[in-house]
Amino acid sequence: MNLFSWGMYPKIKSNVFSLRDTESLCAYAEKTEEFIPYGNGRSYGDSALADNIVYTKPYNNFLAFDAQEGILECQAGVLLSEILDTLVKRGWFLKVTPGTKLITIGGAIASDVHGKNHHTEGCFSECIEEMTLMLPDGEIKSCKKGDALFHATCGGMGLTGVILSAKISLKKINSKHINQTTIKTKNLKETFEAFEKYKDMPYSVAWIDCLAKDEEIGKCLLMVGDFANDGDLEYKSKKKLTIPFTFPSFALNNLSVKAFNWLYYAKAPNGISKQKVDIDTFFYPLDAIGDWNKIYGSGGFTQYQFILPKESSFDGLKEILGKISASGKGSFLAVLKLYGKANDNYLSFPMEGYSLALDFKIETGLFELLDALDEVVVRHGGRIYLTKDVRVSRETFEQGYPLIETFRTFRKENNMDKKLQSLQSKRVCI
Amino acid sequence: MSYVLIIGAKSDIAKEVARIYAKNGYNLYLAARESASLEELKQDIALRSGVEVVLKEFDITAYETHESFYSSLEEKPLGAIVISGYMTEQKEAQKEWNKTLETINVNYTGAVSILNIIANDFEKERRGFIVGVSSVAGDRGRKANYIYGSAKAAFSAYLSGLRNRLYESGVQVLTVKPGFVHTKMTEHLDLPPKLTASPSEVAEDIFNAQQKGRNVLYTKPIWMVIMLIIKHIPEFLFKKMSI
Ligand SMILES: Cc1cc2nc3c(=O)[nH]c(=O)nc-3n(C[C@H](O)[C@H](O)[C@H](O)COP(=O)(O)OP(=O)(O)OC[C@H]3O[C@@H](n4cnc5c(N)ncnc54)[C@H](O)[C@@H]3O)c2cc1C
Ligand SMILES: NC(=O)c1ccc[n+]([C@@H]2O[C@H](COP(=O)([O-])OP(=O)(O)OC[C@H]3O[C@@H](n4cnc5c(N)ncnc54)[C@H](OP(=O)(O)O)[C@@H]3O)[C@@H](O)[C@H]2O)c1
């Protein structure tokens, strides 16, 4: 069938095997030359794309819940949204969640995703007590922190096997509300200072205005927050709007310019304002519009996300934001975030420093621009996030991930390198 | 809370229907062949929703067992949802009588056999709802799929009559006509994404339509329009077409 991920680029034809039980997966793995797992296709690029995919979403049972410790065991196709639907009202939330709840547990582990609290809680792998996966030879293996298989699989982009189930430890909450503070800054220097000032807040993220020029480069709205304590756990997932057709992309930019300016000029008149918002508004604003990816038109789009070490973040970001603003390409808003320390996983993206993410419509000249940005990223010791990527070169990728050889060797030694391949893993020769 | 009986509980659509009824507080009888393999789903539902789930062995073509099956349900259900179905390649069904017969029996004869029993009970109790999952394929016979389609057409006609009969006793009958759905049944087919629903979308539509007391549900809704057009193509043209 026709297959693509969130960026809708590329679109390919694939054979789909739906995961329902381990016996048939084992038989499939044995007879299939090459394949890659596919969760809910919320990665932006080609990490879940290949001629043959194992569609893991149907494999989605809850297996056990320890209400004392807050540990949920479930199959890999369960969506984060399903966990929230059942457990928020019982006072549990995810320790780590990305900006969408529409991803599978398998996808969360394979990309070792992170959220607004990376600087305090780290990546998704931090909350994995244990997981099981099926290796390409059909063997089912469990692993936990400390095992090589664990550190290869978390962030391993599906290239070590099919994750089958995991035990996830959750966070106790006493409200479905978050007390949010919005701080507005005038330039990158102020933005960095604000991140430092609020770094003890558990959740933080900034929207950067990419049109700003010269002294105003890096102007932002920084949003920080923490769960309220009002005992209100009546969580009901919001009904979403849907975009029924593909959209001209200028419409999105106009919308986000309006939204940003409204917030920037109206909402925080003296620089700081406070709001009480619910889980969906705070963590998953984009999920409120189903299929917003169609807004970029049928040619698709990509998200460029890189991270720079803290020492070089200021200079690197300034240079990159300058280039983006000069190019006239890119979405109006970019997401900036201060990250905490890197973990021990071979290919996890985060490191201590600042990361920027923004969307680009696929068009001629785009990849040349992104190559030029890559050069700056690499020069400053940074790297590109694989789960968002569809075009990075092998060289850029390798320079950003010092443990790539460890990962390659691990795959070879365990006979994973032939069977498990995605378009991305072939492009960057993982 | 009352029980809902789901027949053909191993189907991908049924799994999501079960979850959504459980989420809304209904206890469940899950009936299927080799129902022991539903243990995991039972556990899943118990964890998500905390309702009672009872597994029941049931073969929709074993007509002689249907009376005793229904009387074995300790508490009679408030609703019954027939989701089981069987679709084979049209070409195979044309060649092999057994496959044609299986198609008719699973989709029509068996469903009638069990629903006759349930309808009598609900009519007597003057309460309850019956949901039958038919198909848009039953709206008009096409060369690509008319053996399955005709069995579904018969099932749709049965449900329509049943609705008419049970109206007076206040028993709701909902006919569900899915278009394309991504499930085991259609895994080998290349389905157009815009016209294809996921099992959870279908389940949500079914739940909402049943709760609102609706009669006929097309899911996705666009299928109502598509089938309206297809039904109105004059026969002299239709017979020459390949759709
Ligand atoms: C609106 C939006 C916001 C986002 N925000 C963030 C964010 O804040 N932080 C962040 O880190 N990410 C973010 N992402 C990216 C997203 O969280 C990741 O791409 C995630 O991996 C997607 O999961 P999925 O289930 O859709 O997997 P897919 O996109 O289908 O697959 C992603 C990767 O996981 C692998 N995989 C999937 N399932 C399995 C399995 N069972 N076993 C082994 N490998 C598997 C695939 O092979 C592939 O390499 C965002 C995405 C969107 C669309
Ligand atoms: N998928 C679509 O595009 C689509 C479109 C329109 C209508 N439908 C209808 O939707 C319903 C659900 O189908 P699905 O797509 O979810 O497919 P599915 O997963 O293949 O479900 C069909 C189910 O019917 C059960 N069944 C078959 N013969 C049976 C018998 N003799 N006794 C008891 N159960 C029996 C099967 O049980 P086993 O697991 O034991 O084999 C299976 O669980 C069917 O009525 C189908 O006709 C589907």
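Residues numbered from 1 in each chain as written. Chains lettered and ligands numbered in written order. Predicted model: local features only at pLDDT ≥ 70, side-chain atom pairs only at ≥ 80, totals over all residues. Heavy atoms only, no water.

**Q** Looking at this structure, how should I read the overall build of chain A?
**A** Helices and strands together make up the secondary structure of chain A, namely 13 helices and 21 strands. The C-alpha radius of gyration computed for chain A amounts to 21 Å, which stays within 12% of the reference 22 Å derived for 430 residues, consistent with globular compactness. By principal-axis analysis of the C-alpha atoms, chain A measures approximately 60 × 50 × 45 Å. Counting only residues that meet the buried cut, chain A has 61% of its 430 residues in that class. At a minimum sequence separation of 6, the contacts of chain A that also span at least 24 residues come to 75%. A total of about 17000 Å² of accessible surface is found on chain A, and carbon and sulfur atoms cover 53% of it. Chain A carries 53 positive and 53 negative side-chain charges, and their two centres are separated by 5 Å. (Helix = DSSP H or I, 4+ residues; strand = E, 2+ residues; numbered from the N terminus. Rg over C-alpha atoms; globule rule 2.2 N^0.38 Å. Buried < 20%, exposed > 50% of the residue type's maximum accessible area, 1.4 Å probe, protein only. Contact = heavy atoms within 4.5 Å. Areas by Shrake-Rupley, 256 points an atom, 1.4 Å probe, with all protein chains shown as cover. Lys, Arg positive; Asp, Glu negative; His and termini not counted. Charge placed at Lys NZ, Arg CZ, Asp CG, Glu CD.)

**Q** Could you clarify how one ought to interpret the site of ligand 1 in this entry?
**A** All names here are of chain A. Within the structure, ligand 1 sits among 35 residues, and Pro37, Arg42, Ser43, Thr104 and Tyr385 are positioned closest to it. In this structure, an oxygen atom belonging to ligand 1 sits 3.2 Å away from a main-chain N or O atom of Ser47. Backbone polar atom of Ile163 to a nitrogen atom of ligand 1: 2.8 Å apart, as the coordinates give it. Starting from 970 Å² of accessible surface for ligand 1 in isolation, the protein chains cover 96%. Elements with a minimum of two residues in the shell around ligand 1: β4 (36–38), α3 (105–110) and β11 (162–172). When its residues are assigned to classes, the shell around ligand 1 shows 17 nonpolar, 16 polar and two charged. (Near = heavy atom within 4 Å. Polar contact = N/O pair within 3.5 Å; in protein donor to acceptor, adjacent residues only side chain to side chain. Nonpolar A, V, L, I, M, F, W, Y, C, P; charged D, E, K, R; others polar.)

**Q** Mind showing me how you'd approach the site of ligand 2 here?
**A** Residue and element names in this part refer to chain B. As a matter of local geometry, ligand 2 sits amid 26 residues, with Arg33, Asp59, Tyr148, Val181 and Thr183 nearest to it. For ligand 2, an oxygen atom lies 3.1 Å from a polar atom in the backbone of Ser84. A distance of 2.8 Å is found between an oxygen atom of ligand 2 and a backbone nitrogen or oxygen belonging to Val181. In isolation ligand 2 exposes 880 Å². Once the protein is present, 90% of that is buried. Sorting the residues of the shell around ligand 2 by element identifies α1 (12–23), α6 (146–166) and β7 (180–181) as the ones contributing at least two each.

**Q** Please explain the pairing of strand β1 (residues 3–7) of chain B as it appears in this structure.
**A** One face of the sheet, then the other: side chains in a regular strand alternate in exactly this way. Residue and element names in this part refer to chain B. Judged by how many residues are buried, β1 sits mostly within the fold: five of five residues are covered. Of the two faces of β1, the one lined by Tyr3, Leu5 and Ile7 and the one lined by Val4 and Ile6 are each fully buried. By the bridge criterion, five bridges tie β1 to strand β2 (residues 27–32) in an arrangement that is parallel. Across the sheet, Tyr3 pairs through a bridge with Asn27, a residue of β2. (Pairing = 2+ DSSP bridges.)

**Q** What am I meant to see in helix α12 (residues 404–413) of chain A here?
**A** It helps to recall that an α-helix has 3.6 residues per turn; residues three or four apart then point in one direction. All names here are of chain A. Taken as a whole, α12 has its buried residues at Ile404, Phe407, Arg408, Phe410 and Arg411. In a view along the axis of α12, the buried residues occupy a sector of 160°, so they form one face of it. Set apart from the buried face of α12 by more than 90 degrees, the exposed residues are Lys412 and Glu413. On its buried side, α12 packs onto α5 (148–153) and α11 (394–400). A positive phi of about 55° marks Asn415, the residue just after α12. (Arc of directions from axis to C-beta.)

**Q** Looking at this structure, I do not really get α6(B). What am I missing?
**A** Residues and elements named next belong to chain B. Between the first and last C-alpha of α6 there are 29 Å, a value that for 21 residues agrees with the 30 Å anticipated at 1.5 Å per step. The set of residues buried in α6 consists of Ile147, Tyr148, Gly149, Ala151, Lys152, Phe155, Ser156, Tyr158, Leu159, Leu162, Arg163 and Leu166. Elements in contact with the buried residues of α6: β4 (79–82), α4 (90–95), α5 (97–125), β5 (129–133), β6 (172–178) and β9 (216–219). (Expected span 1.5 Å × (residues − 1).)

**Q** Looking at this model, I keep getting lost on the interface of chain A and chain B. Mind explaining?
**A** Note: interface size is frequently given as the accessible area lost on complex formation between the parts. Counting residues at the interface gives 20 residues for chain A and 17 residues for chain B. In terms of surface lost to chain B, no three residues of chain A exceed A:Arg20, A:Asn61 and A:Phe62, which account for 34% of the buried area on that side. Put simply, chain A and chain B have five salt bridges between them. Two residues, B:Arg48 and A:Glu82, come together in a salt bridge whose shortest N-O distance is 2.6 Å. Linking chain A to chain B there are 14 residue pairs in polar contact (both at pLDDT 80 or more). Elements represented by at least two residues in the side of chain A that touches chain B include exactly β3 (15–18), β6 (62–66) and α2 (80–87) of chain A. Split by residue class, the side of chain A that touches chain B holds eight nonpolar, six polar and six charged. (Buried area = accessible area lost by both parts, 1.4 Å probe. Salt bridge = Lys/Arg side-chain N within 4 Å of Asp/Glu carboxyl O.)

Fair warning: the whole summary comes from geometry, so function is off the table for now.
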